[in-house]
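Residues per chain, in single letters:
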Amino acid sequence: LLLIFLVLVGIYLGVCTVTEAAALGALGALFLAALYRTLTWRNLKGALLNTARTTSMLFIIIVAAAAFTQVMVYLQVPARLAELASTQGISPWLILIMSQLLLGVLGCFLDAGSILLVTTPIFAPVMHALGFDLIWFGIICMINMELATLTPPVWLNLFVLKAISPPEISFGDIVRGCTPFMAMHGLTMMLIAVFPQIALWLPNLMKGI
């Protein structure tokens, strides 16, 4: 708990960036493992190998997403979609809802990072052309991606919870316990969509600093 507290305080006080906080968290975890005498060469080797695999996978996704983005820009897909959305009389709110539904469906099968890397270059110009605030849109997308980690068939966060839960707690118990939080995620998205200042008051406040 102390490690989590220090990492979050460092981020929210502006002492370090999110990436730097992650590095500090990893260093703190190594220190605590050594302090509790659970840091062995076998555990360290396994952690480093898993980190290398995950990092390699993410870089492959980033490279592929960057290439995909360049193709989309070259074909003028975002610009054409933005023009189509703004000239065909389609309701901007309908386009927003459809974009979030698409993200929700993709979140059932893919991780959030991959989805955002591929879809943001397409959706962002369209939303900007429709007059939506991109910070507000980004916050809605992130809440949607958080909700996606709780949805079937991947159940990403729920399987993590199952892995760290006592054996007597079944996966069904975890699903039932997370259902209210899924509903709250959906309610939060709707509230932020209807009342954008919920998400924008702090960024607007920081503009004057």
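The structure under discussion appears in the preceding block.
Remember, it's a predicted structure, so these values are computed and weren't measured experimentally.

Engineer: Teacher, can you tell me more about helix α5 (residues 92–107) here?
Structural biologist: Each full turn of the α-helix corresponds to 3.6 residues, which orients residues three or four apart in the same direction. Over its 16 residues, α5 runs 22 Å from end to end, which matches the ideal 22 Å to within 8%, given 1.5 Å per residue. For α5, every residue scored as buried is listed here: Ile95, Leu96, Ser99, Gln100, Leu103 and Gly107. Buried residues in α5, looked at end-on, bunch into an arc of 135 degrees, giving them a common side.

Engineer: Is there a simple way to explain the nonpolar core in this structure?
Structural biologist: Among soluble globular proteins, nonpolar side chains are generally buried collectively. Membership of the largest hydrophobic core comes to 24 residues, with the highest contact counts inside it found for Met127, Trp136 and Phe137. Elements supplying a minimum of two residues to this core: α5, α6 (112–129), α7 (134–148), α9 (171–194) and α10 (197–207). Ignoring sequence-local partners within four residues, the contact set of Trp136 consists of Trp93, Leu96, Ile192, Ala193, Pro196 and Leu200. Counting residues in each nonpolar core, the second largest holds five residues, with Trp155, Leu158, Ile174 and Cys178 among its members.

Engineer: I'm lost on unusual backbone geometry in this one. Help?
Structural biologist: Negative phi is the rule for most residues except glycine; trans is the rule for most peptide bonds. With phi around 60 degrees, Arg37 is a residue other than glycine that occupies positive phi space. Mapped onto the elements of the fold, Arg37 is located in the loop between α2 (18–35) and α3 (41–74).

Engineer: Is there a simple way to think about the packing of α5 against α7 in this case?
Structural biologist: One way to put it is that α5 packs onto α7 with a least axis distance of 9 Å and a crossing angle of 30 degrees. It follows that α5 is roughly parallel to α7 by the angle criterion. The two elements α5 and α7 meet at a crossing, and its hand is right-handed. Of α7, the residues touching α5 (which contributes Trp93, Leu96, Ser99, Gln100, Leu103, Gly104 and Gly107) are Trp136, Phe137, Ile140, Cys141, Asn144, Met145 and Ala148. Classifying every residue of the contact of α5 with α7 by side-chain character gives nine nonpolar, five polar and no charged.

Parameters and conventions
Residues numbered from 1 in each chain as written. Predicted model: local features only at pLDDT ≥ 70, side-chain atom pairs only at ≥ 80, totals over all residues. Heavy atoms only, no water. Helix = DSSP H or I, 4+ residues; strand = E, 2+ residues; numbered from the N terminus. Expected span 1.5 Å × (residues − 1). Buried < 20%, exposed > 50% of the residue type's maximum accessible area, 1.4 Å probe, protein only. Arc of directions from axis to C-beta. Core = buried A, V, L, I, M, F, W, Y, C linked by side-chain atoms within 4.5 Å. Contact = heavy atoms within 4.5 Å. Axes fitted to C-alpha atoms, helices over the stretch in contact; angles between N-to-C directions. Parallel < 35°, antiparallel > 145°, perpendicular 65-115°, else oblique. Left-handed = near helix turned anticlockwise from the far one by under 90°. Nonpolar A, V, L, I, M, F, W, Y, C, P; charged D, E, K, R; others polar.

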